[in-house]
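What follows is the residue order along each chain.
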Amino acid sequence: MNQIGLYEAMSTTRAVRRLRTDPVPDEVLRRVIEAANWAPTGGNAQPWRVIAVTDANKRRRLQELYIGPWEQYSSGRKAQLAAVPEAVRVQQEKMIRAADHLARNFHLAPVVLVFCFNPQLMAITDAKLDRPSVVGGGSVYPAVQNALLACRAEGLGCTLTTLLCFHEPAVKELLGIPAEWGTCAFIPIGYPAGRGHGPLRRRPVEKMAFRDTWGTPLF
(Lines give C-alpha, C1' and ligand atoms only; values in the text may rest on other atoms or scores of the structure.)
Protein backbone atom coordinates (compact mmCIF):
# COMPACT_ATOMS: atom_id res chain seq x y z
CA MET A 1 0.00 0.00 0.00
CA ASN A 2 1.18 3.51 -0.83
CA GLN A 3 1.92 5.46 2.33
CA ILE A 4 0.97 9.08 1.65
CA GLY A 5 0.11 11.91 3.98
CA LEU A 6 -3.48 12.93 4.64
CA TYR A 7 -3.10 16.39 3.09
CA GLU A 8 -1.46 14.95 0.01
CA ALA A 9 -4.27 12.43 -0.36
CA MET A 10 -6.96 15.09 0.01
CA SER A 11 -5.28 17.44 -2.48
CA THR A 12 -4.65 14.80 -5.16
CA THR A 13 -7.73 12.55 -5.09
CA ARG A 14 -9.24 13.60 -8.39
CA ALA A 15 -11.77 11.83 -10.60
CA VAL A 16 -10.06 8.94 -12.42
CA ARG A 17 -12.40 7.65 -15.12
CA ARG A 18 -10.05 5.54 -17.25
CA LEU A 19 -9.52 2.25 -15.43
CA ARG A 20 -7.78 -1.02 -16.16
CA THR A 21 -9.68 -4.28 -15.90
CA ASP A 22 -7.21 -5.93 -13.50
CA PRO A 23 -9.04 -7.35 -10.46
CA VAL A 24 -8.82 -5.54 -7.13
CA PRO A 25 -7.53 -7.99 -4.48
CA ASP A 26 -9.95 -8.66 -1.63
CA GLU A 27 -7.43 -7.50 0.96
CA VAL A 28 -7.21 -4.12 -0.80
CA LEU A 29 -10.98 -3.88 -1.13
CA ARG A 30 -11.37 -4.69 2.55
CA ARG A 31 -9.06 -1.81 3.53
CA VAL A 32 -11.08 0.59 1.38
CA ILE A 33 -14.35 -0.52 2.99
CA GLU A 34 -12.80 -0.41 6.45
CA ALA A 35 -11.78 3.20 5.84
CA ALA A 36 -15.38 3.98 4.88
CA ASN A 37 -16.53 2.31 8.08
CA TRP A 38 -14.45 4.70 10.19
CA ALA A 39 -16.47 7.70 9.01
CA PRO A 40 -18.59 9.64 11.51
CA THR A 41 -22.38 9.40 11.44
CA GLY A 42 -25.16 11.04 13.44
CA GLY A 43 -25.53 9.21 16.75
CA ASN A 44 -23.00 6.67 15.46
CA ALA A 45 -26.00 5.01 13.81
CA GLN A 46 -24.12 4.17 10.60
CA PRO A 47 -27.28 4.36 8.45
CA TRP A 48 -25.41 3.29 5.32
CA ARG A 49 -24.34 0.06 3.67
CA VAL A 50 -22.19 -0.58 0.62
CA ILE A 51 -22.44 -3.26 -2.05
CA ALA A 52 -19.23 -4.10 -3.90
CA VAL A 53 -20.45 -5.18 -7.33
CA THR A 54 -17.91 -7.55 -8.89
CA ASP A 55 -20.23 -9.81 -10.91
CA ALA A 56 -19.67 -9.12 -14.63
CA ASN A 57 -23.34 -9.45 -15.60
CA LYS A 58 -24.47 -7.05 -12.89
CA ARG A 59 -21.78 -4.54 -13.85
CA ARG A 60 -22.93 -4.78 -17.46
CA ARG A 61 -26.51 -4.06 -16.42
CA LEU A 62 -25.35 -1.04 -14.39
CA GLN A 63 -23.59 0.27 -17.49
CA GLU A 64 -26.76 -0.16 -19.55
CA LEU A 65 -28.67 1.86 -16.97
CA TYR A 66 -25.92 4.49 -16.67
CA ILE A 67 -25.46 5.38 -20.33
CA GLY A 68 -28.87 7.01 -20.84
CA PRO A 69 -28.67 9.59 -18.02
CA TRP A 70 -25.06 10.32 -18.99
CA GLU A 71 -25.92 11.00 -22.62
CA GLN A 72 -28.78 13.26 -21.60
CA TYR A 73 -26.57 15.21 -19.18
CA SER A 74 -23.57 15.44 -21.50
CA SER A 75 -25.57 16.65 -24.50
CA GLY A 76 -26.87 19.57 -22.47
CA ARG A 77 -23.44 20.30 -21.06
CA LYS A 78 -21.84 20.29 -24.52
CA ALA A 79 -24.42 22.78 -25.76
CA GLN A 80 -23.52 25.15 -22.92
CA LEU A 81 -19.81 25.06 -23.72
CA ALA A 82 -20.19 27.15 -26.86
CA ALA A 83 -20.65 30.25 -24.71
CA VAL A 84 -17.69 29.82 -22.33
CA PRO A 85 -14.11 31.10 -22.75
CA GLU A 86 -11.85 28.86 -24.81
CA ALA A 87 -9.56 27.87 -21.95
CA VAL A 88 -12.55 26.74 -19.88
CA ARG A 89 -14.14 25.00 -22.85
CA VAL A 90 -11.00 23.00 -23.63
CA GLN A 91 -10.75 21.81 -20.03
CA GLN A 92 -14.44 20.92 -19.87
CA GLU A 93 -14.31 19.06 -23.17
CA LYS A 94 -11.42 16.99 -21.82
CA MET A 95 -13.46 16.10 -18.75
CA ILE A 96 -16.47 15.17 -20.88
CA ARG A 97 -14.34 12.87 -23.04
CA ALA A 98 -13.07 11.07 -19.94
CA ALA A 99 -16.58 10.83 -18.51
CA ASP A 100 -17.89 9.54 -21.84
CA HIS A 101 -15.19 6.86 -21.75
CA LEU A 102 -16.36 5.87 -18.27
CA ALA A 103 -20.01 5.73 -19.36
CA ARG A 104 -19.21 3.41 -22.27
CA ASN A 105 -16.85 1.26 -20.21
CA PHE A 106 -18.56 1.40 -16.81
CA HIS A 107 -18.95 -2.37 -16.78
CA LEU A 108 -15.21 -2.91 -17.23
CA ALA A 109 -14.36 -1.39 -13.85
CA PRO A 110 -13.53 -4.48 -11.76
CA VAL A 111 -15.53 -3.18 -8.79
CA VAL A 112 -18.41 -0.74 -8.46
CA LEU A 113 -19.16 0.41 -4.93
CA VAL A 114 -22.87 1.14 -4.44
CA PHE A 115 -23.56 3.16 -1.29
CA CYS A 116 -27.03 2.80 0.21
CA PHE A 117 -28.79 4.62 3.05
CA ASN A 118 -31.80 4.13 5.29
CA PRO A 119 -33.56 7.45 6.10
CA GLN A 120 -35.39 5.80 9.01
CA LEU A 121 -32.05 5.59 10.81
CA MET A 122 -31.20 9.26 10.28
CA ALA A 123 -32.00 12.40 12.27
CA ILE A 124 -32.81 14.62 9.29
CA THR A 125 -33.05 18.00 10.99
CA ASP A 126 -33.76 19.98 7.82
CA ALA A 127 -36.59 17.79 6.53
CA LYS A 128 -39.28 20.44 7.12
CA LEU A 129 -37.39 23.44 5.78
CA ASP A 130 -38.51 25.10 2.56
CA ARG A 131 -35.54 23.81 0.54
CA PRO A 132 -34.10 20.47 -0.58
CA SER A 133 -32.99 18.39 2.40
CA VAL A 134 -29.25 17.65 2.64
CA VAL A 135 -28.58 16.90 6.31
CA GLY A 136 -29.12 13.16 5.95
CA GLY A 137 -26.19 13.02 3.57
CA GLY A 138 -23.93 14.05 6.45
CA SER A 139 -24.25 10.49 7.76
CA VAL A 140 -23.41 8.88 4.42
CA TYR A 141 -21.04 10.98 2.34
CA PRO A 142 -18.20 11.07 4.90
CA ALA A 143 -18.01 7.29 4.39
CA VAL A 144 -17.97 7.83 0.63
CA GLN A 145 -15.14 10.35 0.95
CA ASN A 146 -13.17 8.00 3.20
CA ALA A 147 -13.51 5.31 0.55
CA LEU A 148 -12.23 7.69 -2.13
CA LEU A 149 -9.23 8.67 -0.01
CA ALA A 150 -8.49 5.02 0.73
CA CYS A 151 -8.59 4.27 -3.00
CA ARG A 152 -6.05 7.06 -3.47
CA ALA A 153 -3.78 5.52 -0.82
CA GLU A 154 -4.11 2.10 -2.44
CA GLY A 155 -3.24 3.40 -5.91
CA LEU A 156 -6.77 2.79 -7.18
CA GLY A 157 -8.53 5.12 -9.56
CA CYS A 158 -12.05 6.13 -8.59
CA THR A 159 -14.77 8.68 -9.19
CA LEU A 160 -18.07 9.49 -7.51
CA THR A 161 -21.24 9.51 -9.60
CA THR A 162 -24.93 9.66 -8.73
CA LEU A 163 -26.44 9.29 -12.22
CA LEU A 164 -27.68 5.76 -11.48
CA CYS A 165 -30.03 7.23 -8.86
CA PHE A 166 -32.25 8.11 -11.84
CA HIS A 167 -32.80 4.36 -12.20
CA GLU A 168 -32.96 3.49 -8.51
CA PRO A 169 -35.87 0.99 -8.76
CA ALA A 170 -34.00 -1.02 -11.40
CA VAL A 171 -30.75 -0.86 -9.42
CA LYS A 172 -32.50 -2.00 -6.24
CA GLU A 173 -34.05 -4.93 -8.05
CA LEU A 174 -30.73 -5.88 -9.64
CA LEU A 175 -28.83 -5.84 -6.35
CA GLY A 176 -31.56 -7.07 -4.00
CA ILE A 177 -31.64 -3.83 -1.99
CA PRO A 178 -34.45 -3.83 0.63
CA ALA A 179 -37.41 -1.50 0.13
CA GLU A 180 -36.52 0.80 3.04
CA TRP A 181 -33.04 1.51 1.66
CA GLY A 182 -32.10 3.98 -1.08
CA THR A 183 -29.00 4.55 -3.19
CA CYS A 184 -26.88 7.69 -3.03
CA ALA A 185 -23.42 7.10 -4.54
CA PHE A 186 -21.75 4.85 -7.08
CA ILE A 187 -17.96 4.54 -7.28
CA PRO A 188 -16.34 2.53 -10.07
CA ILE A 189 -12.83 1.62 -8.90
CA GLY A 190 -9.82 0.00 -10.51
CA TYR A 191 -6.17 0.62 -11.22
CA PRO A 192 -5.67 3.69 -13.45
CA ALA A 193 -5.18 3.20 -17.16
CA GLY A 194 -3.39 6.54 -17.45
CA ARG A 195 -1.81 9.04 -15.09
CA GLY A 196 -4.36 8.52 -12.37
CA HIS A 197 -4.57 10.90 -9.45
CA GLY A 198 -2.90 14.29 -9.35
CA PRO A 199 -3.32 17.96 -8.38
CA LEU A 200 -6.87 19.26 -8.12
CA ARG A 201 -8.46 22.35 -9.68
CA ARG A 202 -10.45 24.25 -7.05
CA ARG A 203 -11.46 27.82 -6.28
CA PRO A 204 -9.09 29.60 -3.87
CA VAL A 205 -9.94 29.39 -0.18
CA GLU A 206 -10.48 33.16 -0.13
CA LYS A 207 -13.58 32.67 -2.28
CA MET A 208 -14.96 29.84 -0.17
CA ALA A 209 -14.64 30.91 3.47
CA PHE A 210 -15.84 33.93 5.45
CA ARG A 211 -15.25 35.31 8.95
CA ASP A 212 -18.29 35.81 11.20
CA THR A 213 -20.52 37.18 8.40
CA TRP A 214 -21.18 36.06 4.82
CA GLY A 215 -18.88 37.95 2.47
CA THR A 216 -16.37 39.06 5.12
CA PRO A 217 -12.94 37.64 4.18
CA LEU A 218 -11.59 35.04 6.55
CA PHE A 219 -7.97 35.57 5.51
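What counts as what
Residues numbered from 1 in each chain as written. Predicted model: local features only at pLDDT ≥ 70, side-chain atom pairs only at ≥ 80, totals over all residues. Heavy atoms only, no water. Patch = residues over 30% accessible without salt bridge, like charges linked within 9 Å, V, L, I, M, F, W, Y side chains within 5 Å. Areas by Shrake-Rupley, 256 points an atom, 1.4 Å probe, with all protein chains shown as cover. Salt bridge = Lys/Arg side-chain N within 4 Å of Asp/Glu carboxyl O. Helix = DSSP H or I, 4+ residues; strand = E, 2+ residues; numbered from the N terminus. Buried < 20%, exposed > 50% of the residue type's maximum accessible area, 1.4 Å probe, protein only. Core = buried A, V, L, I, M, F, W, Y, C linked by side-chain atoms within 4.5 Å. Contact = heavy atoms within 4.5 Å. Pairing = 2+ DSSP bridges.

(A) Molecular detail of a nonpolar patch on the surface. On the surface, a nonpolar cluster with roughly 380 Å² of combined accessible area is contributed by Leu6, Tyr7 and Met10. Turning to its location among the elements, Tyr7 is positioned in helix α1 (residues 6–12). Relative accessible area serves as the criterion here: at 69%, Tyr7 is assigned to the exposed category.

(B) Spatial organisation of the nonpolar core. Of all hydrophobic cores here, the largest spans 26 residues; its most connected members are Val24, Val32, Leu113, Phe115, Leu156, Ile187 and Ile189. With 6 residues, the single largest contributor to this core is helix α5 (residues 141–154). Sequence-distant contacts of Ile189, that is, excluding residues within four places in its chain, are made with Leu19, Leu29, Ala109, Pro110, Val111, Leu113, Cys151, Leu156, Gly157 and Cys158. The next biggest cluster of nonpolar side chains, apart from the first, holds 22 residues, and it includes Leu81, Leu102, Phe106 and Ile177.

(C) Spotlight on the pattern of salt bridges. Applying the stated rule across the entire model yields 8 salt bridges. Between Arg20 and Asp22 there is a salt bridge whose closest N-O contact spans 3.1 Å. In this structure Asp22 comes out as partly exposed when scored by relative accessible area, which is 34%. Between Arg104 and Glu71 there is a salt bridge, with the nearest N and O atoms lying 3.2 Å from each other. Of this pair, Arg104 sits in helix α4 (residues 86–105) while Glu71 sits in helix α3 (residues 56–80), and the two are 33 residues apart along the sequence. Salt bridges here are not isolated pairs; linked through shared partners, they connect Glu71, Asp100 and Arg104.

(D) Just the environment of Met122, in detail. By the element assignment, Met122 lies in the loop between β2 (111–117) and α5. The exposure class assigned to Met122 is buried, which follows from its relative accessible area of 14%. In this structure, the C-alpha to C-alpha distance between Met122 and Asn146, residues 24 residues apart in sequence, is 19 Å. The residues contacting Met122, other than those within four sequence positions of it, are Pro47, Phe117, Gly136 and Val140.

(E) Spatial organisation of the sheet that holds strand β4 (residues 182–190). The strand order across the open sheet built from 4 strands is β1-β2-β4-β3, with neighbouring strands paired in antiparallel fashion. The strands lining the two open edges of the sheet, one partner per strand, are β1 (48–53) and β3 (157–158). Strand direction decides the pairing type here: β2 and β4, joined by 7 bridges, are antiparallel. The residue of β4 that forms the bridge with Phe117 is Gly182.

(F) Focus on the side chain of His107. In this fold, His107 is placed in the loop between α4 and β2. A residue is classified by how much of its surface remains accessible, and His107, at 11% relative accessible area, is buried. With residues near it in sequence (within four places) discarded, His107 still touches Arg59, Arg60 and Gln63.

(G) Seen up close, the environment of Arg89. By secondary structure assignment, the location of Arg89 is in helix α4. The spacing of Arg89 and Arg59 is 30 residues in sequence and 32 Å in space, taken between C-alpha atoms. Discounting chain neighbours no more than four positions away, the residues touching Arg89 are Leu81 and Val84.

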